[in-house]
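# Results of the structural survey
Chain by chain, the residues:
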Amino acid sequence: MADPTDKMENIINLCKRRGFVFPSSDIYGGFNGFFDYGPLGVELKNNIKQAWWQDFVHRRDDIVGLDSSIIHHPTTWKASGHIDNFTDPLVDCKESKMRYRADQLFFAPVRVAGETIGYVSVLEDETMQAKAEEMANELKRKLAKQGALEPLTLKDYTEAKPEEHALIPSPATGKPGSLTPPRSFNMMFQTYVGAMQDASATAYLRPETAQGIFINFKNVVDTGRVKLPFGIAQVGKAFRNEINPRNFIFRSREFEQMEIEYFIAPSADWQTAHQGWIEGCLAWFESIGIPRAKLSLYPHPTEKLAHYSKGTTDIMFEFPFGVQELQGVAARGDFDLTQHSDVSGTKLDWFDEAAKARFIPHVIEPSVGVDRVFLALLTTAYHEDEVEGEKRVVLRLPARVAPFKAAVFPLLKNKPALVERAEALYRRLKKRFNVFYDESGNIGRRYRRQDEIGTPFGITIDFDTIEKDAGVTVRNRDTLEQVRMTEDEVVRFLDEQVNG
Ligand code: GAP
């Protein structure tokens, strides 16, 4: 299974077949950019959010939580700069009616022996250079041009000169003349609040959870539980009208974010705080089962920084479709609090008792998408191997995030004593953990079904359990090792595995 496309397809199929993720509105043919999380998916997703909340809120003294509304006063988005700046460059193909993000559409002039003989265009992916070269060679052959093809330098469409727009072929038709110049497209979804449907009633679905935190800064400070430096954490839905949603749940139009705004004094060394958060986030990913070897850092070049940022480093993950952003860690300075103070007229500042001075704190923002963590975990955990000569699909999810922590099996379903004991253990475990009960089919098949959905432990009640009081067997999904333990020991064992 070396082909990464196959791996993604296998994962998408598994997600649908076993109830992790469904295309949204499936019965109506799906709805591009939206997904529904099924019975197993919602468990994995909740476990990710719970682990994050435990580690960044409950287990720290300096971060508190928040759950703001999704729709804010519309002026929030004027002040934050989203109405003016939260745009992607959009390009239309007038002939095919296809739409592209200009920064994902790449082109190059094709030059043979010093002469430009035409242009090629490709959509951004790992193989775009090779594809563009093949197209250039094809063009040279078609036009029967002699001489060496000059090396192709791909640029994205935002860098095309106005006179080049008419010469670059549309990726949909392969012909030039139908692409429009790029134009700014605001990615916020609009809606109306109240009975009127006019400009005065326009509101926006939040494109990030962050602004809900900034506009609540004063409320949180006034409740008196925090001391600088401190953070406010929020987990919740965000919405972006992405031009080109793609790669399954990686880039969707409705997703969930886990964000922290960590406030520091303006005199504090922001670079050190920023670096500290990058390292803290890397360590957290490792702790939930995303290997360090698949993570890398991408510091944004200064000229490409978002409108609010003094410095941003993305934590990248090696997805099957390429190395892509998993998390952004941005140093937002005092941009947001200053903007909201100025626009609202409410002072969003901090009084430093020692210095008897007021100032607007600066902020470091680690921001990560739940859905991307979900996908990173699934692509790390997905394996195909062989057990006792039989192929199996196994999700090696760590117990902390796995949908079911264990499955309980009576060895045989037609022996009431085995079934009774297994059901009793299942009921007991279910009070503390999400566990599954299965009595159908042979035991090997039952193990295989659980391996495929990532259940780390299989607990079997056999004749020794009831006749010799010899405990139950606990089978490890990854090592396949089976150990005997008493039912009390099983409770302690699972608690250790799940809660650490
Ligand atoms: N408040 C800062 C902010 O929203 P961002 O880099 O635009 O920054 C943060 O988004 C994270 O949210 C990303 O690193 C990614 O994990 C997730 N994310 C962003 N857009 C997404 C999308 N369309 N689909 C899924 N996740 C997305």
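Residues numbered from 1 in each chain as written. Predicted model: local features only at pLDDT ≥ 70, side-chain atom pairs only at ≥ 80, totals over all residues. Heavy atoms only, no water.

Following both chains from N to C, one finds helix α2 (residues 39-58) and helix α10 (residues 370-381) inclined at 110°, their axes separated by 10 Å at the closest point. For the element pair α2 / α10, the angle class is roughly perpendicular. Between α2, through G41, L44, K45, I48 and K49, and α10, the contact on the second element is made entirely by V370, D371, V373, F374, L377 and L378. Split into classes, the residues belonging to the contact of α2 with α10 amount to 7 nonpolar, 1 polar and 3 charged. (Axes fitted to C-alpha atoms, helices over the stretch in contact; angles between N-to-C directions. Helix = DSSP H or I, 4+ residues; strand = E, 2+ residues; numbered from the N terminus. Parallel < 35°, antiparallel > 145°, perpendicular 65-115°, else oblique. Contact = heavy atoms within 4.5 Å. Nonpolar A, V, L, I, M, F, W, Y, C, P; charged D, E, K, R; others polar.)

Moving on: the sheet that holds strand β22 (residues 406-410). Taken in spatial order, the 5 strands line up as β23-β22-β24-β25-β26 in an open sheet, and their pairing is mixed. In this open sheet, the two strands that pair with only one neighbour each are β23 (435-437) and β26 (482-485). Averaged over all pairs of adjacent strands, the angle between strand axes in this sheet comes to 25°, irrespective of strand direction. Two elements, β22 and β23, share 3 bridges in a ladder whose sense is parallel. Within β23, the position partnered with A407 by the bridge is F436. (Pairing = 2+ DSSP bridges.)

Here we come to a nonpolar patch on the surface. Nonpolar side chains collect at one region of the surface, where I70, I71 and V193 lie side by side and expose about 210 Å² of accessible area between them. If you trace the backbone, V193 turns up in the loop between β10 (190-192) and β11 (202-204). (Patch = residues over 30% accessible without salt bridge, like charges linked within 9 Å, V, L, I, M, F, W, Y side chains within 5 Å. Areas by Shrake-Rupley, 256 points an atom, 1.4 Å probe, with all protein chains shown as cover. Salt bridge = Lys/Arg side-chain N within 4 Å of Asp/Glu carboxyl O.)

Glancing now at the pairing of strand β24 (residues 457-461). The buried fraction of β24 amounts to 5 of the 5 residues, a majority that puts the element mostly inside the structure. The two faces of β24 match: F457, I459 and I461 on one face and G458 and T460 on the other face are all buried. Strand direction decides the pairing type here: β24 and strand β25 (residues 472-476), joined by 4 bridges, are antiparallel. Bridged to T460 within β25 is T473. (Buried < 20%, exposed > 50% of the residue type's maximum accessible area, 1.4 Å probe, protein only.)

In the neighbourhood of the ligand, 21 residues make up the surrounding shell, with E208, R240, E259, E325 and L326 lying closest. Residue R240 places a side-chain N or O atom 2.8 Å away from an oxygen atom belonging to the ligand. At 2.8 Å from a nitrogen atom of the ligand is found a main-chain nitrogen or oxygen belonging to S252. For the shell around the ligand, the elements supplying multiple residues, two or more each, are β13 (254-264), β16 (322-333) and β19 (362-369). The element contributing the most residues to the shell around the ligand is β16, with 5 residues. Here the residues of the shell around the ligand sort into 6 nonpolar, 6 polar and 9 charged. (Near = heavy atom within 4 Å. Polar contact = N/O pair within 3.5 Å; in protein donor to acceptor, adjacent residues only side chain to side chain.)

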